[in-house]
Amino acid sequence: DRAELRERIERESDRVVQHYLLLQYFATLAPSEADSLLAQRILAEVPPSSHTWSLLWGGPAQCIFSICRLANRPDAARAYNLRAADQHPDEAVRAAFLFHEVQRAFAAMKKERSALANPETAATTTAEMDFSILYGRLQTEFAGSRAAQMANAQMGPERRIQPGNRVPDFAVTSLEDSSVSFTPE
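What this report covers is the structure whose coordinates are included nearby.

Thresholds, definitions, all that
- Residues numbered from 1 in each chain as written.
- Predicted model: local features only at pLDDT ≥ 70, side-chain atom pairs only at ≥ 80, totals over all residues.
- Heavy atoms only, no water.
- Core = buried A, V, L, I, M, F, W, Y, C linked by side-chain atoms within 4.5 Å.
- Buried < 20%, exposed > 50% of the residue type's maximum accessible area, 1.4 Å probe, protein only.
- Helix = DSSP H or I, 4+ residues; strand = E, 2+ residues; numbered from the N terminus.
- Contact = heavy atoms within 4.5 Å.
- Phe/Tyr/Trp six-rings, centres within 6.5 Å; stacked < 30°, edge-to-face > 60°.
- Polar contact = N/O pair within 3.5 Å; in protein donor to acceptor, adjacent residues only side chain to side chain.

### Remarks on the nonpolar core
- The biggest cluster of nonpolar side chains holds 44 residues, and the ones touching the most others in it are Phe26, Ile42, Trp53, Ile67, Phe97, Phe131 and Leu138.
- Among the elements of the structure, α1 (2-11), α2 (15-28), α3 (36-45), α4 (61-71), α5 (74-87), α6 (91-114), α7 (126-141) and α8 (146-155) are those that each provide at least two residues to this core.
- Counting residues per element, this core draws most heavily on α6, at 10 residues.
- What Phe26 contacts, discounting residues up to four positions off in sequence, is Pro31, Asp35, Leu38, Ala39, Ile42, Cys63, Ser66, Ile67 and Leu70.

This is the structure we're talking about:
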């Protein structure tokens with residue numbers, strides 16, 4: 001229960017246990033916009049090198065995403081993530097934090113590119129350089145990791161689905177008329 005866990009967080013006197021409970025709150029519950037202060041608290045109180053990040057079942061990726069989104073402090077979240085990617089003792093956790101920053105940079109790059117009049121001929125943007133540096137770092141420092149593989153599949157230059165590539169063959173039957181089928185043709 002959300003209220004019960006929040007009370008336990010506030011009552012906990014051991015800082016490490018309190019940090020763990022804060023992270024569990026975001027890892028196991030569906031946090032809402034009302035939890036933005038707790039997200040900001042994590043960025044301020046839980047050290048990026050804290051071992052509690054390694055204790056999250058299934059890894060910290062979803063927790064990181066929720067905290068960064070709800071904290072609504074993009075610069076603070078980016079600084080925290082990059083410190084964690086540099087300082088955390090667990091390689092998988094470092095890779096997860098860096099992966100989050102690669103995703104953020106990729107989204108910024110796509111947004112920047114879509115705003116350009118002619119994206120094909122435009123010079124390299126700041127967001128593209130940021131993405132390139134972070135993506136390259138993830139692929140180099142964490143080659144073969146789950147995070148690097150996911151980044152390559154979702155954002156890599158050789159990914160299957162991207163602007164300009166032919167859509168893979170598929171057929172979907174209409175829900176309204178089973179005799180109608182939709183294909184890429």
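Having put the structure on the table, let's press on.
### As for the packing of aromatic side chains
- The full count for this structure, using the stated rule, is 6 aromatic pairs.
- Between the aromatic rings of Tyr25 and Phe26, the centroid separation amounts to 5.5 Å while the plane-to-plane angle is 65 degrees, which identifies the pairing as edge-to-face. Grouping residues by exposure puts Tyr25 and Phe26 together as buried.
- Arranged with centres 6.0 Å apart and planes meeting at 55 degrees, the rings of Tyr80 and Phe97 form a pair that is tilted. Pair noted here: Tyr80 is in helix α5 and Phe97 is in helix α6, with a separation of 17 residues, a long-range link. One exposure class covers both Tyr80 and Phe97, and it is buried.
- Here the aromatic cluster, defined as three or more aromatic residues joined through ring pairs, consists of Trp53, Tyr80 and Phe97.

### Considering the environment of Arg94
- Structurally, Arg94 is set in helix α6.
- Owing to a relative accessible area of 18%, Arg94 belongs among the buried residues under this scheme.
- A C-alpha to C-alpha distance of 8.8 Å links Arg94 and Phe142, two positions 48 residues apart in sequence.
- Each residue touching Arg94, except ones within four places of it in the same chain, is listed here: Ala84, Ala85, Asp86, Gln87, His88, Pro89 and Phe142.
- For Arg94, the side chain forms a polar contact with the main-chain oxygen of His88, separated by 2.9 Å.

### Remarks on the side chain of Asn81
- With respect to the secondary-structure elements, Asn81 resides in helix α5.
- A polar contact of 2.8 Å, which involves the side chain of Asn81, links it to the side chain of Glu101.
- If we skip the residues at most four places from it in the chain, Asn81 touches Ile64, Cys68, Phe97, His100 and Glu101.

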